[in-house]
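Analysis of the macromolecular model
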Amino acid sequence: MTSIAQQVAQFLTWSPIKINQFRQTLLVWYDQEGRQLPWRVDQEPYHIMISELMLQQTQVQTVIPYYQNFLAKFPTVDDLAAATETDLLNAWSGLGYYSRARNLQKAAQQIVNDYQGQWPQTAVELQNLAGIGPYTASAIASIAFNEPVAAIDGNAFRVFARLLEIDLDITKPKSRLVFQEVGNRLIDPKRPGEFNQAIMDLGSSYMTAKNPDSAHSPIREFNQSWQNGTELNYPVRTKKAKPVPIDYYGLAIHSPAGWLFEKRPEKGMLAHLWMFPLIKVEALDDVSGDSALEKLAVVFAEQSGLELNFQPTELKPITHTFTHQKWQITIVTAELKTAENLEFFPGQWVPQDKIAELPMPTVQAKLNQRLFK
DNA sequence: CATCCGTGGAT
DNA sequence: TATCCAAGGAT
């Protein structure tokens, strides 16, 4: 059994002098060529928290316009804590991983209500907030509160793995502990936030996953994998599973009151967002009926109480790939002559010019475009 | 600990 | 088109 400390000692053999040289080289480069980003103009914890939540598994370029808009809509932590769910999710619509938005608001409410507006200032305490795990807590603690703790994100895994030829599988939770300790020993205690952000900038410029340019990297002399010609072997990670294909019918149901939208469940895929009702093609297997569309009417009537005749359309099916699922949606239409009461159905009739006011996922935006364009 | 949870860009 | 993966966290 090899302890964390032993593994760290195995990979990190630099002298204190070399570690200091690494810090200086990295930060001199960062001061000159670090990216200028909207969330780097101050150290407001509220600003840092929003940016870090948005940046979880999401690229900088994608986040920038969402960050600007979000801050304009919710300028303070109090504004966010008091926001309606519709306003909140609309500000996040299209960004993905929607539980992040609800976690962010819950964290704001925790700060306002549980902490009386006094921010927790250490990584350990920050992890008590919703949606904030080891990476995000370290990022906020180091950037906003100058705590010398390494923020181990995908960039840090890759940069440290290549620098020190660390061959641990980064998808294994235990590996994080080694990288965390390596980072904690390398981080500059005087400028921890900038050190962490410099590692990220390095990882997104000279030390990218696919086409690194380590020959021109400011820290190339410290990069053991580059010197040994092994840098593309790092980081080590197990492959991800392929998305599972799932076929749906997407129900485009129209009435004089508009189109029928359904609020997605509290948990699971696209939770709390609004979409056309979806029914798995597979769900028709056990249903009696002469045709697929007749079976569809039976299943939908059970859910909604609405008796409808569904019609095939000429519209090409929509395919939308998520991390774990690949949806193919066949669009069918139905017309309701009068808008009926839908008390027990988690839905609403929406006039076409009001659809854009609903928080929707990208897959629904694709359906809208296919139908209404 | 393994799996679930979105989206867009690069190749 | 298929695949990878990017400032991860919750369960």
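Report on the accompanying structure. (Residues numbered from 1 in each chain as written. Chains lettered and ligands numbered in written order. Predicted model: local features only at pLDDT ≥ 70, side-chain atom pairs only at ≥ 80, totals over all residues. Heavy atoms only, no water.)

1. Focus: the protein's contact with DNA strand B
To be explicit about the condition: Residues are counted as near a molecule or strand when any one of their heavy atoms sits within 4 Å of it. Side-chain atoms alone can form a polar contact between residues adjacent in sequence; in general such a contact is a pair of N or O atoms within 3.5 Å, and within protein one must be able to donate a hydrogen while the other accepts it. The way it works is that DSSP assigns letters per residue, a run of H or I at least four long becomes a helix, a run of E at least two long becomes a strand, and they are numbered from the N terminus. Polarity classes work like this: nonpolar for Ala, Val, Leu, Ile, Met, Phe, Trp, Tyr, Cys and Pro, charged for Asp, Glu, Lys and Arg, and polar for all others, with Gly in that last group.
Residues in close proximity to DNA strand B total 23 residues, the closest being Tyr-98, Leu-270, His-320, Thr-323 and Thr-362. Among the atoms of DNA strand B lying within 4 Å of the protein, the sugar-phosphate backbone contributes 60%. Residue Leu-270 places a main-chain N or O atom 2.4 Å away from a phosphate oxygen belonging to DNA strand B. Secondary-structure elements contributing two or more residues to the surface near DNA strand B are helix H11 (173–186) and strand E6 (318–321). Among the residues making up the surface near DNA strand B, the classes are represented as 8 nonpolar, 13 polar and 2 charged.

2. Topic: the packing of aromatic side chains
Heads up, the rule is: Two rings belonging to Phe, Tyr or Trp (six-membered ring only in the last case) form a pair when the distance between their centres is within 6.5 Å. Interplanar angles under 30 degrees mark stacking, angles over 60 mark edge-to-face geometry, and anything in between is tilted. Only protein chains enter the accessibility calculation, which uses a 1.4 Å probe. A residue is then buried if its area is under 20% of the maximum for its type, exposed if over 50%, and partly exposed in between.
For the structure shown, the criterion picks out 15 aromatic pairs. Consider the rings of Phe-157 and Phe-179, whose centres lie 4.9 Å apart with planes at 70°: the pair is edge-to-face. Pair noted here: Phe-157 is in helix H10 (residues 154–164) and Phe-179 is in helix H11, with a separation of 22 residues, a long-range link. The class of Phe-179 is buried, set by a relative accessible area of 0%. Taken together, the ring pairs connect Trp-14, Phe-22, Phe-195 and Phe-222 into an aromatic cluster.

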